[in-house]
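# Coordinate analysis (summary)
Each chain, letter by letter, is given below.
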Amino acid sequence: MKTRFVLIETSHAGNVGAAARAIKTMGFDDLVLVRPRWSNVLRKEETIQRASGALDVLANCRIVATVEEALDGMSHLCATAMTPRDFGPPARTPREHFALLLQGALAAQPGPVPLDEDSSPAASDAVAANPSGESGVAFLFGCERYGMANEDVYLCHVALSIPTNPDFGSLNLASAVQVVAYDWRQALGGYGVSDVAARGERADAQQVAGMLAHWQQALAEIGFLDLDAPKKLMPRLNQMFNRAQLTQEEIHILRGVAKAMLRTAEATKR
């Protein structure tokens, strides 16, 4: 789905770079600046540093003079306005609004365009409900000092409000971009989490039993286990190791511990 992030009158160069990084981490790359404080903001050192590698987003970023130019080709407009307005679009949390949008509940308003292959089934249903295939979704963010101007909020279909601590709701601009980008990506289906930790082959019951026999011998040798009155020590250890779902490598480590205990016990007896 075509998605655009629009920053209006941004005054801190670092926020531009951080916003570029934020949207790239969520798989988006369309960033537009409206009347930023610095005309050369995309080349400023702070911007580049805070982008932290999202240089392609900065390279593709456009600077325009008006909000209308920034919204060219977009049809569903989402303001981000923490301060309630007496007049204007309805206020919703991002997740609430995205669910309505992608379920087709907002069919009376301009809706999303056909989706790419990594979008969710719910989003596909929304396109079916809106076969005309409008152009895309834009998220508008105001300047750091006073947020979005009323006239810009009035252009939009919704005012997204991020639920925050009622006693301290101040969000950094780039942080707000990150939250909205994350919720939007999750609504579109999200990304899977890769478990990069190496997982060894699970030990079988015979290997666990052999290790426990080794431990029983070692615990008896160091005086921790009384073989004449063992009580439930070994069954409890058995249950503990079963819950741990030991790998074969871990069995080798535990056998090494038992071997070291036996060696120490033997040395002590000399």
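As a reminder, the structure under discussion sits directly above these lines.
First, a word on what this report is: a plain description of the structure on this page. (Residues numbered from 1 in each chain as written. Predicted model: local features only at pLDDT ≥ 70, side-chain atom pairs only at ≥ 80, totals over all residues. Heavy atoms only, no water.)

We now examine the overall build of the protein chain. Summing up its helical and strand segments, the protein chain has eleven helices and seven strands in all. Expressed as a percentage of its 270 residues, the buried residues of the protein chain come to 42%. Pairs at least 24 residues apart make up 79% of the contacts formed inside the protein chain by residues separated by at least 6 positions. In the form shown here, the protein chain has an accessible surface area of approximately 15,100 Å², with 51% of it arising from carbon and sulfur atoms. (Helix = DSSP H or I, 4+ residues; strand = E, 2+ residues; numbered from the N terminus. Buried < 20%, exposed > 50% of the residue type's maximum accessible area, 1.4 Å probe, protein only. Contact = heavy atoms within 4.5 Å. Areas by Shrake-Rupley, 256 points an atom, 1.4 Å probe, with all protein chains shown as cover.)

As a further point, take the nonpolar core. One finds F5, L31, F139, F141, V177 and W184 to be the most contacted residues of the largest nonpolar core, which totals 37 residues. At the level of secondary structure, the elements contributing two or more residues to this core comprise strand 1 (3-8), helix 1 (13-25), strand 2 (31-34), helix 3 (55-60), helix 5 (94-102), strand 6 (137-141), strand 7 (158-160) and helix 8 (173-187). Excluding residues within four positions of it along the chain, V177 makes contact with F5, L7, A19, A22, I23 and F141. Counting residues in hydrophobic clusters, the runner-up holds 18 residues, among them V6, V67, A81 and A138. (Core = buried A, V, L, I, M, F, W, Y, C linked by side-chain atoms within 4.5 Å.)

All right, on to the pattern of salt bridges then. Counted by the stated rule, this structure contains five salt bridges. R95 is the partner of D183 in a salt bridge, and the nearest nitrogen-oxygen pair spans 2.9 Å. Placement of the pair is D183 in helix 8 and R95 in helix 5, with a sequence separation of 88 residues. The class for D183 is buried, based on a relative accessible area of 8%. A salt bridge links E221 to K269; the shortest N-O distance between them is 2.5 Å. Placement of E221 in helix 9 (residues 205-221) and of K269 in helix 11 (residues 248-269) is noted, with a sequence separation of 48 residues between them. (Salt bridge = Lys/Arg side-chain N within 4 Å of Asp/Glu carboxyl O.)

None of this, on its own, says anything about what the molecule does.
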